[in-house]
Amino acid sequence: MAQPDRREFLGATAATAAAWALSPAARILGANDRVRLGIIGPGARGRELLQQLLRIVDEGQNAQLVAAADVYDRRLDDVKKTFPAIATFSDHRRLLEMKDVDAVIIASPLHCHARHFLDGIAAGKDLYSEKTMTWSIAEAEACRNAARQSKQIVQIGLQHVSGGAFLDAQKWLADGLVGKVTHVESWMSRNTPRGEGQWVRKIPADCTPEHVKWDLFLDGRPSRPFDANRFINWRLFWDYSGGNVTENAVHQFSWAFKLLDLPVPASAYMSGGVFSEKDGREVPDTIAITLDFPEKELVLTWQSTFSNRHYGLSDRILGSHGTIERQSGATEMVSGRLEGGHAYYPEKINRPDGVAIKGEAKDVQHLSNFLDCVRSRKEPNAPVEIGYRTAVAAHMANLSYRQKERVTFSAASTVSEAHR
Ligand SMILES: NC(=O)c1ccc[n+]([C@@H]2O[C@H](COP(=O)([O-])OP(=O)(O)OC[C@H]3O[C@@H](n4cnc5c(N)ncnc54)[C@H](O)[C@@H]3O)[C@@H](O)[C@H]2O)c1
């Protein structure tokens, strides 16, 4: 079924704003406040979220999956094995028409997020929308405007802001233990056996035009004949993905942006390349990003490689009076074990009596936080604003890499999507 092309789609946002404003705010939930969920794109992440749903329902959360939409028959067959009573559709618009769907999980590939987000808001649904919020800056602006003009609850799948490390860091900052922060340094590194590129997935035998609605997947991206590799390994291609910046950097951006209330960066620079495996991918596997925040007198750096995992994932907030560090999967030097955790370390030069503190706050379950907010109408932990700022930062970095020059926010936001 034809969808409007990309220009019509973004242009339509202003015209439909009035309709969004009229969309039902606090819909009547199911029996005993039960939240009835639909999911768009139950692929790898979508099915992880459905496993989380089963766990939190076991623990007392009152929610139920009632529908799923996916362009690949195999995914719908898989979801039906666990949730046999649900309605299933190829076209997400049929799911959004269902009156007894209160809220929708969006776990489709990045380039489809904005379409699913805007259609979901227009249909009056609350949204748990996977990161990165959108594939481009123009789409991020359209989604933020639509959400602001509606009364819908939106949680972006940036779950690091629901982590215990976030809660402890927030307290240490509020208690003045860190002082003036001038630098956030962060990284995320991975490795794979040589010859096997990171992220590359095997193509199932039934991934054929008979079982995939290819035009719905392309969603206005350059037309091309069915290509199972692009469909399954969409992460490797710019038309559908922002590479590791939109896959992983954005999680770490969200953590620092929310803790330090960072605006969109004034400028971004990114270098790197496809160095680890030359397997046809377009997006770089080796990356160094610098984001500038002159008003905050702060620089954020993020780096990544897919050829070495020794230091795993880490973030360090560097302040005049102390350091906050969180790490996950770093290799302990002597034993070789993988370590994680978060802590505060005083800068003795400015806090001579300060002591190190080991973080102990527990994680908040991010999907459960969303479901609670659907009932209370409170703002969830990763609202649309944090989705917007981190998406813009990610796209500025990628733009800088592709244009091979430092990019300012004002220049980046006027770049036509065709040159993105
Ligand atoms: N928050 C996290 O920690 C986390 C982790 C992994 C992935 N993700 C995000 O989740 C999203 C999905 O990633 P994935 O690895 O599950 O991808 P995937 O390819 O495994 O799943 C995507 C699903 O969407 C379906 N799909 C494609 N186009 C569609 C359309 N137009 N309408 C409906 N369904 C469509 C595909 O058939 C597939 O089932 C990405 O945005 C990714 O960044 C988030």
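Just so you know, these numbers come straight off a predicted model, no measurement behind them. (Residues numbered from 1 in each chain as written. Predicted model: local features only at pLDDT ≥ 70, side-chain atom pairs only at ≥ 80, totals over all residues. Heavy atoms only, no water.)

## A look at the pairing of strand 5 (residues 126-130)
Turning to step 1, where the next piece is worked out: Burial runs high along strand 5: five of the five residues are buried.
Turning to step 2, where the next piece is worked out: Residues of strand 5 alternate between two faces, with Asp126, Tyr128 and Glu130 on one and Leu127 and Ser129 on the opposite face, all of them buried.
Turning to step 3, where the next piece is worked out: Inspection of the sheet shows strand 4 (residues 103-106) paired to strand 5 by four bridges, in the parallel sense. Residue pairing across strands places Val104 opposite Leu127, the latter belonging to strand 5.
Turning to step 4, where the next piece is worked out: With four bridges connecting them, strand 5 and strand 6 (residues 154-157) associate as parallel partners. Each residue of the ladder has a partner; that of Leu127, found in strand 6, is Val154.
Turning to step 5, where the next piece is worked out: Crossover connection from strand 5 via helix 7 (residues 137-149) to parallel strand 6: handedness right-handed. (Buried < 20%, exposed > 50% of the residue type's maximum accessible area, 1.4 Å probe, protein only. Helix = DSSP H or I, 4+ residues; strand = E, 2+ residues; numbered from the N terminus. Pairing = 2+ DSSP bridges. Right-handed = clockwise from strand over helix to strand, strands pointing away.)

## Let's talk about the packing of aromatic side chains
Turning to step 1, where the next piece is worked out: Within the structure shown, the criterion is met by 11 aromatic pairs.
Turning to step 2, where the next piece is worked out: Their ring planes at 45 degrees and their centres at 6.2 Å tell us that Trp172 and Tyr344 sit as a pair that is tilted. On the criterion of sequence distance, the pair formed by Trp172 in helix 8 (residues 164-174) and Tyr344 in strand 13 (residues 338-346) is long-range, its members being 172 residues apart. The exposure classification of Trp172 matches that of Tyr344, with both residues buried.
Turning to step 3, where the next piece is worked out: With a centroid separation of 5.4 Å and an interplanar angle of 20 degrees, the aromatic rings of Trp214 and Phe217 are classed as stacked. (Phe/Tyr/Trp six-rings, centres within 6.5 Å; stacked < 30°, edge-to-face > 60°.)

## Some words on the site of the ligand
Turning to step 1, where the next piece is worked out: Within the structure, the ligand sits among 28 residues, and Arg45, Asp70, Gln159, Arg201 and Arg235 are positioned closest to it.
Turning to step 2, where the next piece is worked out: Taking Lys131, its side chain carries an N or O atom lying 2.9 Å from an oxygen atom of the ligand.
Turning to step 3, where the next piece is worked out: Between the ligand and Arg235 there is a distance of 2.8 Å, counted from an oxygen atom to a side-chain nitrogen or oxygen.
Turning to step 4, where the next piece is worked out: Against a free-state accessible area of 850 Å², the protein chains account for coverage of 93% of the ligand. (Near = heavy atom within 4 Å. Polar contact = N/O pair within 3.5 Å; in protein donor to acceptor, adjacent residues only side chain to side chain. Areas by Shrake-Rupley, 256 points an atom, 1.4 Å probe, with all protein chains shown as cover.)

## Here we look at the environment of Asp206
Turning to step 1, where the next piece is worked out: Within the secondary structure, Asp206 is located in the loop between strand 7 (181-188) and helix 9 (214-218).
Turning to step 2, where the next piece is worked out: Considering only alpha carbons, one finds Asp206 and Asp315, 109 residues apart in sequence, at a separation of 41 Å.
Turning to step 3, where the next piece is worked out: Contacts of Asp206, omitting those with residues within four sequence positions, involve Tyr72, Arg74 and His211.
Turning to step 4, where the next piece is worked out: A polar atom in the side chain of Asp206 sits 2.4 Å from the side chain of Tyr72. (Contact = heavy atoms within 4.5 Å.)

## What about the sheet that holds strand 10 (residues 298-304)?
Adjacent strands of a sheet form backbone hydrogen bonds with each other and so pair up, either parallel or antiparallel.
Turning to step 1, where the next piece is worked out: Spatial strand order, 14-13-12-11-7-10-9-8-15: nine strands in an open sheet with mixed pairing. Taken across any chain shown, the strands that pair with only one partner, and hence form the sheet edges, are strand 14 (357-358) and strand 15 (407-408).
Turning to step 2, where the next piece is worked out: In the sheet, strand 8 (residues 267-273) pairs with strand 9 (residues 286-293) via seven bridges, with the strands oriented antiparallel. Paired with Gly273 across the bridge in strand 9 is Thr286.

## Thoughts on the confidence of the model for the protein chain
Turning to step 1, where the next piece is worked out: Chain-level pLDDT for the protein chain is 93 on average; 92% of the residues reach the 70-or-more range.
Turning to step 2, where the next piece is worked out: A low-confidence stretch, residues 13-26 stays under pLDDT 50, and its non-local contacts, those more than four residues away or across chains, total 22 contacts. (pLDDT = per-residue confidence, 0-100.)

## Re the sheet that holds strand 6
Turning to step 1, where the next piece is worked out: Across the sheet, six strands lie side by side as 3-2-1-4-5-6; this open sheet has parallel pairing. Here the strands that pair on one side only, and so sit at the sheet edges, are strand 3 (87-89) and strand 6. Taking the axes of each pair of neighbouring strands and ignoring which way they run, one obtains an average angle of 20 degrees across the sheet. (Axes fitted to C-alpha atoms, helices over the stretch in contact; angles between N-to-C directions.)

## Examining the packing of helix 3 (residues 44-58) against helix 12 (residues 366-376)
Relative orientation and spacing of two packed helices are given, respectively, by the angle between their axes and the distance between those axes.
Turning to step 1, where the next piece is worked out: In the contact formed by helix 3 and helix 12, the axes pass within 9 Å of each other and the chain directions differ by 65 degrees. Judged by the angle between their axes, helix 3 and helix 12 are roughly perpendicular. Relative to helix 12, helix 3 is oriented so that their crossing is right-handed. Contact residues: helix 3 offers Leu49, Gln52, Leu53 and Ile56, while helix 12 offers Leu367, Ser368 and Leu371.
Turning to step 2, where the next piece is worked out: Taken together, the residues that form the contact of helix 3 with helix 12 break down as five nonpolar, two polar and no charged. (Parallel < 35°, antiparallel > 145°, perpendicular 65-115°, else oblique. Left-handed = near helix turned anticlockwise from the far one by under 90°. Nonpolar A, V, L, I, M, F, W, Y, C, P; charged D, E, K, R; others polar.)

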